[in-house]
Amino acid sequence: MTRIRKIALEEHFMAPGFERYSKTFLQHIDKATYAELASRLADFDELRLTQMDRAGIDVTVLSQTGPGVQGEQDTPKAIASASENNDFLAGQVARHPTRYAGFAALPMQSPEAAAAELSRAVEQLGFKGALVNGHTLGRYYDDPAFDVVWERFQALDVPLYLHPIDFPVVPVSLAGHAELNGATWGWGVETATHALRLLFGGVFDRFPGLKLILGHMGEGLPFQRWRFDSRFAAYPHGIRLQRAPSEYIGSNIVITTSGVCSPAALAGAIAEMGEEAVMFSVDYPYESTAVAADFIEAAPMSERTRALVCHGNAERILKLDR
């Protein structure tokens, strides 16, 4: 079977020792599933490359699985762990430089250290941006203290992939419903809310060149663009933005298809945001590479649009063609 060339952006690994940050997540998984996930997260050769080849994935951008350093309470240790993660990943990318690229882990416990580590990862290690696993110990990045990080992203012209994480405190509406608090619902709500905090907090006005990537078909945001404009105009609460809220979603905020293999959702996202704002991804190893590849190749769209979604947009935004 001839496959369409693809680039995948939300594809995870586990650096040695980082299991300590995933204990809460892993305790809800049965032992057999955990063993399978662990083997795939630790693999950079046999399993991953074979699945990439079968799916037509030319390049995978690797990132540390959640929560990673965002779960570290000791700031100096978080700084050291982020550097350790990035050095380890750079070594793996160097072994397969035509197949892998990297997103940096950042110690957002210290905005200044995060900015410095981003510079090191991009300028010295050749990474294509960073993936941060949501808030850090309840701190959200619309706080002006993080402007030093956003300034560095803009200056380096690389994106941040904002990945889901648990709520800092389980909302009352989700209490007693573990099935809703995680990947099924809560993670997407938390991540979409974080992105909206950045938008309404003026981060994209202060840093108009900033690119934020959201997975899982944009965590639902593309489908609420009209309502954001309507209700914000009615209830601005003293907030002033340079553009209508919808205008940031598709320009500053772009998305991937990771974990949502729905042709109707894809068509809606492209219709709302434009064909240059949507990129293919799998969410490996938590989703099926084969299912994602079959989906993106069969979904109804023009071949020009399919080429942009499968690889063209990622090449442009991540500068993978340079």
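Here is what the cut-offs are and how they apply
- Residues numbered from 1 in each chain as written.
- Predicted model: local features only at pLDDT ≥ 70, side-chain atom pairs only at ≥ 80, totals over all residues.
- Heavy atoms only, no water.
- Helix = DSSP H or I, 4+ residues; strand = E, 2+ residues; numbered from the N terminus.
- Rg over C-alpha atoms; globule rule 2.2 N^0.38 Å.
- Buried < 20%, exposed > 50% of the residue type's maximum accessible area, 1.4 Å probe, protein only.
- Contact = heavy atoms within 4.5 Å.
- Areas by Shrake-Rupley, 256 points an atom, 1.4 Å probe, with all protein chains shown as cover.
- Pairing = 2+ DSSP bridges.
- Salt bridge = Lys/Arg side-chain N within 4 Å of Asp/Glu carboxyl O.
- Axes fitted to C-alpha atoms, helices over the stretch in contact; angles between N-to-C directions.
- Core = buried A, V, L, I, M, F, W, Y, C linked by side-chain atoms within 4.5 Å.
- Parallel < 35°, antiparallel > 145°, perpendicular 65-115°, else oblique.
- Phe/Tyr/Trp six-rings, centres within 6.5 Å; stacked < 30°, edge-to-face > 60°.
- Lys NZ or Arg CZ within 6 Å of the ring centre and 35° of its normal.

Student: Any details on the overall build of the protein chain? Residues and values, ideally.
Tutor: When its secondary structure is counted, the protein chain shows 14 helices and eight strands. The C-alpha atoms of the protein chain give 19 Å as radius of gyration, which agrees with the globular expectation for 322 residues (20 Å, within 12%). When the backbone C-alpha atoms are referred to their principal axes, the protein chain occupies close to 55 × 50 × 45 Å. Buried residues in the protein chain amount to 55% of all 322 residues. Summarising the internal contacts of the protein chain: among those between residues at least 6 apart in sequence, 78% fall at separations of at least 24. Roughly 13,700 Å² of accessible area belongs to the protein chain as shown, and the carbon and sulfur atoms make up 55% of that amount.

Student: Before we move on, can you summarise the pairing of strand β1 (residues 6-13) with the specific residues and values?
Tutor: Here β1 lies mainly inside the structure; eight of its eight residues are buried. Judged from the six bridges that link them, β1 and strand β2 (residues 57-64) form a sheet pairing that is parallel. Bridging from a neighbouring strand, I7 pairs with V59 of β2.

Student: Can you break down the pattern of salt bridges residue by residue, with the values?
Tutor: Applying the stated criterion across every chain yields a total of 18 salt bridges. Residue R5 pairs with D58 through a salt bridge whose shortest N-O separation is 2.8 Å. You can see R5 sitting in the segment before β1 and its partner D58 sitting in strand β2, a full 53 residues away along the chain. A relative accessible area of 33% means that R5 is categorised as partly exposed. With a relative accessible area of 28%, D58 lands in the partly exposed category. When the shortest N-O distance is used, the salt bridge between D45 and R95 registers 2.7 Å. Of the two residues, D45 is situated in the loop between α2 (31-42) and α3 (46-55) and R95 in helix α4 (residues 75-95); the sequence distance between them amounts to 50 residues. You can call R95 partly exposed: its relative accessible area is 43%. Residues participating in the shared-partner salt-bridge network are R3, K6, D294 and E297.

Student: Go over the sheet that holds strand β3 (residues 100-102), please, and point to the residues and values.
Tutor: Across the sheet, three strands lie side by side as β1-β2-β3; this open sheet has parallel pairing. Both outer strands of the open sheet, β1 and β3, are each paired with one neighbouring strand and no more. With direction set aside, neighbouring strand axes in the sheet form an average angle of 30 degrees. α4 contacts β1, β2 and β3 of the sheet and is inclined by roughly 160 degrees relative to β3. Along the sheet, helix α14 (residues 303-318) makes contact with β1 and β2, crossing β1 at roughly 70 degrees.

Student: Could you give me a rundown of the nonpolar core, with the residues and numbers involved?
Tutor: Membership of the largest hydrophobic core comes to 91 residues, with the highest contact counts inside it found for L9, L106, W150, F153, L212 and L266. If near-sequence neighbours (up to four positions away) are discounted, L266 is found in contact with M217, T257, V278, F295, I296, A299 and M301.

Student: Hey, could you go over the sheet that holds strand β7 (residues 253-256) for me, with residue numbers and the actual values?
Tutor: Spatially, five strands are ordered β4-β5-β6-β7-β8 in an open sheet, and the strand pairing comes out parallel. The outermost strands of the open sheet, each flanked by one partner alone, are β4 (130-132) and β8 (278-279). Relative to β8, β7 runs parallel, the two sharing two bridges. Across the sheet, residue I255 finds its bridge partner in β8, namely V278.

Student: Explain the packing of helix α13 (residues 289-298) against α14 to me, and be specific about the residues and the numbers.
Tutor: Between α13 and α14, the least distance of the axes is 10 Å, while the angle of their chain directions is 150 degrees. In this view, α13 runs roughly antiparallel relative to α14, as classed from their interaxial angle. Contacts between α13 and α14 involve I296, E297 and A298 on the former and, on the latter, R306, V309 and C310.

Student: I'd like a description of the packing of aromatic side chains, backed by residues and values.
Tutor: Going through the model one piece at a time under the given rule, you end up with nine aromatic pairs. With a centroid separation of 5.8 Å and an interplanar angle of 70 degrees, the aromatic rings of F44 and F88 are classed as edge-to-face. Highlighted residues: F44 in the loop between α2 and α3 and F88 in helix α4, separated in sequence by 44 residues. The exposure class assigned to F44 is buried, which follows from its relative accessible area of 4%. A relative accessible area of 25% places F88 in the partly exposed class. Connected via pairs of aromatic rings, a cluster forms that spans F13, F44 and F88. In this structure, R20 packs its charged tip against the face of F18, placed 5.4 Å from the ring centre. One residue, R243, lies across the ring of Y248, its end atom 4.2 Å from the ring centre.

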